[in-house]
Amino acid sequence: MNTLGNKFNIFWIGLIFSLACSRTAPEPIEFSISQGVLNNMDFTSLGIQTGQHLPEILYYTLTGEKFEIEANTTKLLISGSYTCDITRGNLQAIDWLYMKYKDEVDIYLVNTLEAHPHNSHSPYSMNEEPWLVKENIASAIAAEQPTTIEERIDLAEKWIKESGIQAPLILDGPKNGFWNLVGQAPNMAILVSTDGEVLLKQSWFEMEEMEEAIDIQLQQMKADK
């Protein structure tokens, strides 16, 4: 009986250990200070530029699935975060562009590093103290910097619910590939052609200029048919 009991215990210990080993901890989200801070908040020269091609970047959906943006389509990608007061001020314009062009252009709001987390320093400041902007304080906007994709998803869902965002929202990956490769700015935007060329890059999203660029691209595509 003792031998059987010992074998039984060893079996369950081994099973529990194997299950524990098979569960890998969530990959932490990396954090860094934007190089734009060293350029006096000038993000123009950072990341890919107009005329270059958008590299492959890992994104996630709100269900936690890895996501690749479809090739051979015109794409508009705009960065933002829940605590970015600039992005919040532009949400109506972003949604307007989405509703106008959604049948012709793939438009995504890309959730990146939080601009003004209340518990840690901002990626846009060398000061280690939290950078709490007055617009967030007035609107009771407060959030911690997500450390995992799961936390980023939770905050994104809260953002969508509170702001009624209409444009599709996807998440930058744990290594912040979009943020790092495109320009490390809080509310930047890029318009990408069907062959992956960056047609327009904005260090700060501006609706009128982007609308004009989209119209020119769509007119060119129709003329090429």
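Residues numbered from 1 in each chain as written. Predicted model: local features only at pLDDT ≥ 70, side-chain atom pairs only at ≥ 80, totals over all residues. Heavy atoms only, no water.

(A) Structural context of the nonpolar core. If you look at the biggest cluster of nonpolar residues, it comprises 33 residues, and the most contacted ones within it are Leu76, Leu97, Leu109, Phe205, Met210 and Ile214. If you list the elements that add at least two residues to this core, you get β3 (75-80), α2 (85-101), β4 (106-111), α4 (149-163), β5 (169-172), β6 (189-192) and α6 (207-224). Ranked by the residues each element gives to this core, the list is headed by α2, at 6 residues. (Core = buried A, V, L, I, M, F, W, Y, C linked by side-chain atoms within 4.5 Å. Buried < 20%, exposed > 50% of the residue type's maximum accessible area, 1.4 Å probe, protein only. Helix = DSSP H or I, 4+ residues; strand = E, 2+ residues; numbered from the N terminus.)

(B) Region of interest: α6. With 18 residues, α6 should reach 26 Å at 1.5 Å per residue; the first-to-last C-alpha distance of 26 Å fits that figure. Within the sequence span of α6, burial applies to Met207, Met210, Glu211, Ala213, Ile214, Gln217 and Leu218. Taken around the axis of α6, the buried residues stretch over an arc of 165°, which confines them to a single face. Exposed residues on α6 whose side chains face more than 90 degrees from its buried face are Glu212, Ile216, Gln219 and Ala223. A distance of 3.3 Å separates the backbone nitrogen of glutamate 208 from a side-chain oxygen at the start of α6, and that oxygen is part of glutamate 206. (Expected span 1.5 Å × (residues − 1). Arc of directions from axis to C-beta. Polar contact = N/O pair within 3.5 Å; in protein donor to acceptor, adjacent residues only side chain to side chain.)

(C) Structural view of unusual backbone geometry. Of note in this structure, alanine 140 is not a glycine but carries a positive phi near 55°. In this fold, alanine 140 is placed in the loop between α3 (134-138) and α4. With a relative accessible area of 66%, alanine 140 lands in the exposed category. Positive phi is not limited to glycine here, since glutamine 184 has a value of about 55°. As for its placement among the helices and strands, glutamine 184 is situated in the loop between α5 (177-182) and β6.

(D) Representation of the pairing of β6 in the model. Going residue by residue along β6, you find Ala189 and Leu191 tucked away on one face and Ile190 and Val192 tucked away on the opposite face as well. Across 4 bridges, β3 lies against β6 in antiparallel orientation. In the sheet register, leucine 77 faces β6, and the bridge partner there is isoleucine 190. Across 4 bridges, the pairing between β6 and strand β7 (residues 198-202) is antiparallel. Residue pairing in the sheet places isoleucine 190 in a bridge with lysine 201 of β7. Connecting the antiparallel pair β6 and β7 is a turn made up of 5 residues, with glycine 196 showing a positive phi of about 90°. (Pairing = 2+ DSSP bridges.)

(E) Seen up close, the sheet that holds strand β1 (residues 59-60). With mixed pairing, the 7 strands of this open sheet are ordered in space as β2-β1-β5-β4-β3-β6-β7. Looking at the sheet topology across the chains shown, the edges are occupied by β2 (66-67) and β7. Bridging between β1 and β5 involves 2 bridges; their strand directions are antiparallel. Directly across from tyrosine 59, in β5, lies its bridge partner aspartate 172.

(F) Structural context of the side chain of glutamine 217. The residue glutamine 217 is located in helix α6 in this model. When residues no more than four places from it in sequence are discounted, the contact partners of glutamine 217 are Thr74, Ser193, Thr194 and Leu199. (Contact = heavy atoms within 4.5 Å.)

(G) Summary view of the pairing of β4. With 5 of its 6 residues buried, β4 lies for the most part within the structure. Note that β3 and β4 share 6 bridges and pair parallel. Paired with lysine 75 across the strands is aspartate 106, a residue of β4. Handedness of the crossover joining β3 and β4 through α2: right-handed. In this structure, β4 lies alongside β5, joined through 3 bridges in parallel fashion. Along β5, the bridge assignment pairs valine 110 with isoleucine 170. (Right-handed = clockwise from strand over helix to strand, strands pointing away.)

(H) Seen up close, a negative patch on the surface. Taken together, the side chains of Glu144, Glu150, Glu151, Asp154 and Glu157 make up a negatively charged region of the molecular surface. On the secondary structure map, glutamate 150 appears in helix α4. (Patch = residues over 30% accessible without salt bridge, like charges linked within 9 Å, V, L, I, M, F, W, Y side chains within 5 Å. Areas by Shrake-Rupley, 256 points an atom, 1.4 Å probe, with all protein chains shown as cover. Salt bridge = Lys/Arg side-chain N within 4 Å of Asp/Glu carboxyl O. Lys, Arg positive; Asp, Glu negative; His and termini not counted. Charge placed at Lys NZ, Arg CZ, Asp CG, Glu CD.)

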